[in-house]
Amino acid sequence: FNQGRYLEETIRSVLSQEGDFYIDYIVMDGGSDDESKDIIKKYDSLIKDNTETITINDTRFYRYGGNNGQNIHGTGCHGISFRWKSEKDNGQVHALKKGFAMAVGNIYCWLNSDDYYLDHTVLKRVHGYFEAEPGTELLFGDGEFVSASGDVIGHHYVKQINLNELLFLDYHILQPASFFRSRIYREEHLDESYTCAFDADFFIRHIATGLPYKKVDDRFAAFRFYDENKTNKLREIRFREAMQIAGNHFAHCSVQVPPAKRFYFPVSRLYRRAEMKRNMGLSTRNRVRSKWFHIKRRIAYRLITGRWKREE
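Everything numeric in this text was worked out from a predicted model, so none of it was measured. (Residues numbered from 1 in each chain as written. Predicted model: local features only at pLDDT ≥ 70, side-chain atom pairs only at ≥ 80, totals over all residues. Heavy atoms only, no water.)

## Side note on the overall build of the protein
1) Next: Within the protein, the regular secondary structure consists of 10 helices and 10 strands.
2) Next: Split into buried and exposed, the 312 residues of the protein put 47% on the buried side.
3) Next: Counting contacts in the protein only where the partners sit at least 6 residues apart, residues at least 24 apart contribute 74% of the total.
4) Next: Carbon and sulfur atoms make up 48% of the accessible area of the protein, which totals about 16,000 Å². (Helix = DSSP H or I, 4+ residues; strand = E, 2+ residues; numbered from the N terminus. Buried < 20%, exposed > 50% of the residue type's maximum accessible area, 1.4 Å probe, protein only. Contact = heavy atoms within 4.5 Å. Areas by Shrake-Rupley, 256 points an atom, 1.4 Å probe, with all protein chains shown as cover.)

Okay, structure coming up:
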């Protein structure tokens, strides 16, 4: 919604993908009143003009190649189905549900309008990982943090996914670098009661049920981090929702949790509150308080994961 200044880079990063597959590309716009709709219409025309079409299961895919004069790469996959809607919705989760209800194919993902894939081989590599291990239901990769202007300001890398850390400490899944098989998707898995942490709830609920997943040492996507983006602007809400997810999970499985581990939730609550204050600038007024926070963090990690810090 109203992110036209980033949208073109996002769209181009999908259209440039190469590989032995079709792409069903669905763009859901919340009724933007900036340049977003003009950009979407531009690429709708670029894709559909002077192309050959193929229809598979009532979905029309477009094939084209070479440079079409509009500074857009010719798509190197079998074909792209480009569909879009621009209409008022009830928020991001509602838009995702509507999009997935239209989608075809066996691997799903979503890409926010200010994020993008790092190069034209991302989906080819993702497809290869799923093909190599048919039992894998979810795939998680790494990526980069970029500024509003696209400058790299950090790197996302985790060696492995740790459920206790996801639930009770730091959420370490990079959403735009995450993919899953369509067969595991259910509409109710996306919870509209969450403003920010619905992606965490979505992935955690699947990992917690024991679905096979794979963490790969591969960079897939750029996550744009700037003052106005949702993750940064609403971080207090995100922290509270993260505590709610941990609490819901803890309540659901508390009967099966050994007594020695029932302190996880109170430790998590103390840690997340300390981190929330730190990120809001309330605990970093001097170096002593900052150092005290890092001591708390190490203790929390030791109590919950058995390590003194995140395994990176």
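## Here we look at the pattern of salt bridges
1) Next: What the rule picks out here adds up to 19 salt bridges.
2) Next: One salt bridge in this structure joins K97 and E192, with 3.3 Å as the shortest N-O distance. One end of the pair, K97, is in helix α3 (residues 92-102); the other, E192, is in the loop between β9 (178-181) and α6 (198-208), with 95 residues separating them in the sequence.
3) Next: Exposure remark for E192: the relative accessible area of 41% places this residue in the partly exposed category.
4) Next: Each member of the salt-bridge network shares a partner with another, and the members are E165, D170, R297, R307 and R310. (Salt bridge = Lys/Arg side-chain N within 4 Å of Asp/Glu carboxyl O.)

## Observations concerning the pairing of strand β8 (residues 152-156)
1) Next: Sheet analysis places strand β7 (residues 138-146) next to β8, joined by 4 bridges and oriented antiparallel. Bridge assignment links E144 to a residue of β8, and that residue is H155.
2) Next: Here β7 folds back onto β8 in antiparallel fashion, the turn holding 5 residues, of which G150 has a positive phi close to 95°. (Pairing = 2+ DSSP bridges.)

## Regarding a nonpolar patch on the surface
1) Next: On the surface, a nonpolar cluster with roughly 490 Å² of combined accessible area is contributed by W292, I295, I299, L303 and W308.
2) Next: Residue placement: I295 occurs in helix α10 (residues 287-305). (Patch = residues over 30% accessible without salt bridge, like charges linked within 9 Å, V, L, I, M, F, W, Y side chains within 5 Å.)

## Structural notes on the packing of helix α1 (residues 4-15) against helix α2 (residues 36-48)
The description of two helices packed together rests on the angle between their axes and the distance between the axes.
1) Next: It is the contact of α1 with α2, at a shortest axis distance of 9 Å, that shows an interaxial angle of 25°. Between α1 and α2, the crossing angle belongs to the class labelled roughly parallel. Where α1 crosses over α2, the two elements pack in a sense that is right-handed. Of α2, the residues touching α1 (which contributes G4, L7, E8, I11, R12 and L15) are S36, I39, I40, K42, Y43 and I47.
2) Next: Grouping the constituent residues of the contact of α1 with α2 by class yields 7 nonpolar, 2 polar and 3 charged. (Axes fitted to C-alpha atoms, helices over the stretch in contact; angles between N-to-C directions. Parallel < 35°, antiparallel > 145°, perpendicular 65-115°, else oblique. Left-handed = near helix turned anticlockwise from the far one by under 90°. Nonpolar A, V, L, I, M, F, W, Y, C, P; charged D, E, K, R; others polar.)

## Observations regarding α2
1) Next: In a regular helix each residue adds 1.5 Å, so 13 residues correspond to 18 Å; α2 covers 18 Å between its end C-alpha atoms and thus fits that length.
2) Next: Elements in contact with the buried residues of α2: α1, β1 (22-29), β3 (59-63) and β4 (79-86). (Expected span 1.5 Å × (residues − 1).)

## Overview of the packing of aromatic side chains
1) Next: For the coordinates displayed, the defined rule picks out 25 aromatic pairs.
2) Next: Taking 5.7 Å as the distance between ring centres and 85° as the angle between the ring planes, the aromatic pair formed by F179 and F220 counts as edge-to-face. Here F179 is found in strand β9, whereas its partner F220 is found in strand β10 (residues 213-224), with 41 residues between them in sequence.
3) Next: The buried category is assigned to F179, whose relative accessible area is 1%. (Phe/Tyr/Trp six-rings, centres within 6.5 Å; stacked < 30°, edge-to-face > 60°.)

## Here we look at the environment of I40
1) Next: Assignment of secondary structure puts I40 in helix α2.
2) Next: Classification of I40 by relative accessible area gives buried; the value is 1%.
3) Next: Each C-alpha atom, one on I40 and one on D29, is 9.2 Å from the other, the two residues being 11 residues apart in sequence.
4) Next: Setting aside residues no more than four positions away along its own chain, I40 makes contact with L7, I11, V27, D29, F82 and W84.

## Remarks on α6
1) Next: For α6, a buried count of 9 out of 11 residues is recorded, marking the element as mostly surrounded by other parts of the structure.
2) Next: All of the buried residues along α6 are F198, D199, A200, D201, F202, F203, I204, H206 and I207.
3) Next: Count one or two residues on from α6 and you reach G210, which has phi positive near 90°.

## Topic: the side chain of D114
1) Next: Along the chain, D114 turns up in the loop between β5 (107-108) and β6 (116-117).
2) Next: Although D114 is buried, it makes no salt bridge; R224 carries the closest opposite charge, 5.7 Å away.
3) Next: There is a polar contact of 3.5 Å between the side chain of D114 and the side chain of Q3. (Lys, Arg positive; Asp, Glu negative; His and termini not counted. Polar contact = N/O pair within 3.5 Å; in protein donor to acceptor, adjacent residues only side chain to side chain.)

## So, unusual backbone geometry
1) Next: Its identity is not glycine, yet N2 carries a phi of approximately 55°, on the positive side.
2) Next: For N2, the location among the structural elements is in the segment before α1.
3) Next: For N2, a relative accessible area of 30% puts it in the partly exposed group.
4) Next: Of note, D58 is a non-glycine position whose phi angle comes to about 70°, a positive value.
5) Next: Inspection of the secondary structure assignment puts D58 in the loop between β2 (52-56) and β3.

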